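One letter stands for each residue in the lines below.
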Amino acid sequence: MGRLRIATVWLGGCSGCHMSFLDLDEFLIELAGKVDLVYSPVIDVKEYPEGVDVCLIEGAVCNQDNLELLLDIRERTRVLVSFGDCAVTGNVPAIRNQLGPRSCENVLQCAYIDNAQANQRVPSKDGIVPKLLDRVRPIHEVVGVEAYLPGCPPSAARIRALLDCVLEGRPPQLEGEMLRFG
Ligand code: SF4
């Protein structure tokens, strides 16, 4: 097997899972020597590429942009890892589901009108605020995933354990997780 093509993606999350990824510290240098990072918030690539071996997805599916990107990712990726509690369960962003069918309006009202210091209005131009989905969903409710890495955020040690398995092409040993290759 050649160098693995790895991606990390940030959907509806707080970036804390990626901060934990960066806490891998000097292991990141070792990792960079063994894999190609082909898409991530930490590099400047605009389009999710074809032929990705493994992708860690942070965050839940909250809006139309998240949904469209996730469908492309699934088509172009061999192994998807649901990365962190927002991806695995919906977690914090899914709290708005408790507001029921009017959750989108309530969230936008709260963010752009009730708590705005000036210019109280919801942005309406295309491309400014992606359309919110009626319900926030965890990744596996939208596409199949091969592995779950829970935690809010998962610790760097747990991310390292998973990446070690990925690099060695063996199933993760962490409880409740499964990673298939081939
Ligand atoms: S799981 Fe926790 S740390 Fe990760 S994106 Fe969600 S809230 Fe942030």
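See the structure shown above.
Scope of this entry: the structure provided in the associated data block. Since we're looking at a predicted model, the values are computed, not measured.

Reading the values: rules and limits
Residues numbered from 1 in each chain as written. Predicted model: local features only at pLDDT ≥ 70, side-chain atom pairs only at ≥ 80, totals over all residues. Heavy atoms only, no water. Helix = DSSP H or I, 4+ residues; strand = E, 2+ residues; numbered from the N terminus. Buried < 20%, exposed > 50% of the residue type's maximum accessible area, 1.4 Å probe, protein only. Contact = heavy atoms within 4.5 Å. Lys, Arg positive; Asp, Glu negative; His and termini not counted. Charge placed at Lys NZ, Arg CZ, Asp CG, Glu CD. Patch = residues over 30% accessible without salt bridge, like charges linked within 9 Å, V, L, I, M, F, W, Y side chains within 5 Å. Areas by Shrake-Rupley, 256 points an atom, 1.4 Å probe, with all protein chains shown as cover. Salt bridge = Lys/Arg side-chain N within 4 Å of Asp/Glu carboxyl O.

Here we take up the overall build of the protein. Across its full length, the protein holds 6 helices and 7 strands. Counting from the amino terminus, the protein carries its helices and strands in the arrangement β-α-α-β-β-β-α-β-α-α-β-β-α. Across the 182 residues in the protein, those meeting the buried criterion constitute 42%. A fraction of 76% describes how many contacts in the protein between residues 6 or more apart in sequence connect residues 24 or more apart. The centroid of the 18 positive side-chain charges in the protein is displaced by 3 Å from the centroid of its 25 negative side-chain charges.

All right, on to a nonpolar patch on the surface then. On the surface, M19, L22, L37 and V42 cluster together to form a nonpolar patch covering roughly 310 Å² of accessible area. Along the chain, L22 falls in helix α1 (residues 16-22). We classify L22 as partly exposed; its relative accessible area is 34%.

If you walk through the whole model with that rule in mind, you get 10 salt bridges. The closest approach of N and O atoms between K46 and D44, which form a salt bridge, is 2.6 Å. Residue classification places K46 among the exposed residues on the basis of a relative accessible area of 70%. Ionic pairing is found between E105 and R102, a salt bridge with its closest N-O pair at 3.8 Å. One network of salt bridges, with partners in common, ties together R135, R137 and E141.

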